[in-house]
Amino acid sequence: MAKPIADITKPRGKLGVLLPGMGAVATTFIAGVEAVRRGIAQPFGSLTQMGTIRLGKRTEHHSPRMADFIPLADLEDIEFAGWDIYEDNCYEAALKAGVLAREHIDPIKDFLASIHPMSAVFSTKWVRKIDGPNKKTGANWYDLAEQLKADIERFKKEKKVDRMVMIWCASTEVYATRKPAHESIKAFEQGLKNNDPDIAPSMVYAYAAISSGIPFANGAPNLTVDIPALVELAREKQVPIAGKDFKTGQTLMKTIIAPGLKARLLGLNGWFSTNILGNRDGEVLDDPESFKTKEMSKLSVLDTILQPKLYPDLYGNFYHKVRINYYPPRGDNKEGWDNIDIFGWMGYPMQIKIDFLCRDSILAAPIVLDLALFMDFAKRANLGGIQEWLSFYFKSPQCAPDLYPEHDLFIQLMKLKNYLRYLMGEDLITHLGNEYYE
Ligand SMILES: NC(=O)c1ccc[n+]([C@@H]2O[C@H](COP(=O)([O-])OP(=O)(O)OC[C@H]3O[C@@H](n4cnc5c(N)ncnc54)[C@H](O)[C@@H]3O)[C@@H](O)[C@H]2O)c1
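Residues numbered from 1 in each chain as written. Predicted model: local features only at pLDDT ≥ 70, side-chain atom pairs only at ≥ 80, totals over all residues.

J.: For the pairing of strand E1 (residues 14-20), give the residues involved together with the corresponding values.
T.: Counted residue by residue, E1 has 6 buried out of 7 residues, so it is predominantly covered. Relative to strand E4 (residues 161-168), E1 runs parallel, the two sharing 5 bridges. Bridging from a neighbouring strand, Leu 18 pairs with Met 166 of E4. Relative to strand E2 (residues 78-84), E1 runs parallel, the two sharing 6 bridges. Counterpart to Leu 18 in the pairing with E2 is Ala 81. (Buried ≥ 20, exposed ≤ 12 C-beta atoms within 10 Å, placed from the backbone. Helix = DSSP H or I, 4+ residues; strand = E, 2+ residues; numbered from the N terminus. Pairing = 2+ DSSP bridges.)

What follows is the structure, given as structure tokens:
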């Protein structure tokens, strides 16, 4: 039996999953977990629930289920809580989100209707296209963070949870860059007390979580925990953090296809991506400043995968464009088109067209589940700070400041699995394979 690096045992007691933002993604996630628990659905798309991990040599044929290899919380032990500016309970919010059909929502109506969003920390300066009545008021950001911590404590007592994680599932905030208030814990805490205009609501949630010892993952492209102050706080408090922006839809496709083109040294002249979507996320992204946050997240992918500096003849001059069009009739059922202009042997041009009729929240829900379970696992394994091994789930993976992020989905998966093997004291799999021929 291999010896784990850390003392990681099967958790006892309940795991509370805290969700700022109880819209399409959050309610689809909650409804799915409950449907799985009742045996009426399967957790497709979730690595923790359906994935396996090979251990040892190929000749050993030993690939246990992920959940049997690492001690993760059981779905039965999860409790949910969250915040939203709208007062709808999760049943009403799920109906409005229009992702799941009534035939899947109604059998679990009692459960969904019992989850009511707590009042939110919100500012129309940071999310401009929507507003609602369920908001906190307070003297300053610091006071609001204290109110969030009180909500968390109340939930912990009421539901008797032992451990918690927080996953940001709220709207995309307007584009922001690092400012002096983000540079250190001291400056940040001062900024909270002074109502610094560079502090966003998502940072207030992240601060409340991290300072309470609760792991925080960011499902949107907002800056949020990607600032030195909160990275430092997470390291100091030994709290795992991860981000940014769930990797679903068009970017998921991009990080599947681009590594393949590069592997075969096929050149790229241009990649034009456009989407139509009509959910509330689409409405928020109709604001150019929120779109800019998303655009930056989506654009960064190709450069790091294709490495134009290493391959100037193949990738030194490609045109990359990303558009998101708010189109209400489609609701959550996004359609994403990609036109990819590539070239091969002797420069002959070819084209690839992708028409992905995807369901955004159906792709995002299993990511929320995996992140909740892995972040809880990371905390029990005493891992603090940025969890780069979870890059697999993000469009803009957060990593150390002097590193470039790894975007290639297949490298990300290999990294995730090797990291788990490493933590559990198993041999890493390098795919060298010499031993089979000696
Ligand atoms: N669906 C996907 O595939 C996907 C992929 C990547 C990222 N995301 C991001 O995940 C987030 C959620 O997506 P969605 O489709 O569920 O959007 P949504 O609009 O359905 O839900 C977001 C909810 O957050 C609430 N909200 C906004 N600001 C808040 C605040 N400060 N505090 C509490 N609640 C707040 C809104 O009222 C809304 O109900 C968005 O930022 C989106 O960009 C989604």
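J.: Would you mind going over helix H11 (residues 249-263) in detail, with residue names and values included?
T.: Taking 1.5 Å as the rise per residue, H11 with 15 residues should run 21 Å; its terminal C-alpha atoms sit 22 Å apart, in good agreement. Inspection of H11 places Gly 249, Gln 250, Thr 251, Lys 254, Thr 255, Ala 258, Leu 261 and Lys 262 among the buried residues, and these make up the whole buried set. The secondary structure elements touched by the buried residues of H11 are strand E7 (267-277), helix H13 (288-306), strand E9 (335-343), strand E10 (349-357), helix H15 (360-380) and helix H16 (409-423). Following H11 by one or two positions, Leu 265 adopts a phi angle in the positive range, close to 55 degrees. (Expected span 1.5 Å × (residues − 1). Contact = placed C-beta atoms within 7 Å.)

J.: Can you break down the packing of helix H1 (residues 24-37) against helix H4 (residues 90-97) residue by residue, with the values?
T.: Orientation of H1 relative to H4, taken along the N-to-C sense of each, is 115 degrees, at an axis distance of 9 Å. Helix-helix and strand crossings are classified by hand; for H1 and H4 the assignment is left-handed. Here H1 contributes Ala 24, Thr 27, Ile 30 and Ala 31 to the contact with H4, which in turn contributes Cys 90, Ala 93, Ala 94 and Ala 97. Residue composition of the contact of H1 with H4, by class: 7 nonpolar, 1 polar and no charged. (Axes fitted to C-alpha atoms, helices over the stretch in contact; angles between N-to-C directions. Left-handed = near helix turned anticlockwise from the far one by under 90°. Nonpolar A, V, L, I, M, F, W, Y, C, P; charged D, E, K, R; others polar.)

J.: Explain the sheet that holds E9 to me, using residue names and the numbers behind them.
T.: The strand order across the open sheet formed by 4 strands is E8-E7-E9-E10, and the pairing between neighbours is mixed. The strands lining the two open edges of the sheet, one partner per strand, are strand E8 (319-326) and E10. With direction set aside, neighbouring strand axes in the sheet form an average angle of 10 degrees. Sheet topology places E9 next to E10; 9 bridges connect them, and they run antiparallel. Counted as the bridge partner of Ile 340 is Ile 352 from E10.

J.: Any details on unusual backbone geometry? Residues and values, ideally.
T.: Here the bond from Gly 243 into Lys 244 is cis, since omega is -10 degrees, no more than 30 degrees from zero. Its location among the elements puts Lys 244 in the loop between strand E6 (240-242) and H11. A positive phi is found at Asn 195, a non-glycine position, where the angle reads about 55 degrees. With respect to the helices and strands, Asn 195 occurs in the loop between helix H8 (185-193) and helix H9 (201-211). A count of 14 C-beta atoms within 10 Å places Asn 195 in the partly exposed class. Positive phi, close to 75 degrees, is recorded for Asp 245, a residue that is not glycine. Its place among the elements puts Asp 245 in the loop between E6 and H11. Residue Asp 245 is classed as buried on the basis of its C-beta count, with 25 C-beta atoms lying within 10 Å.

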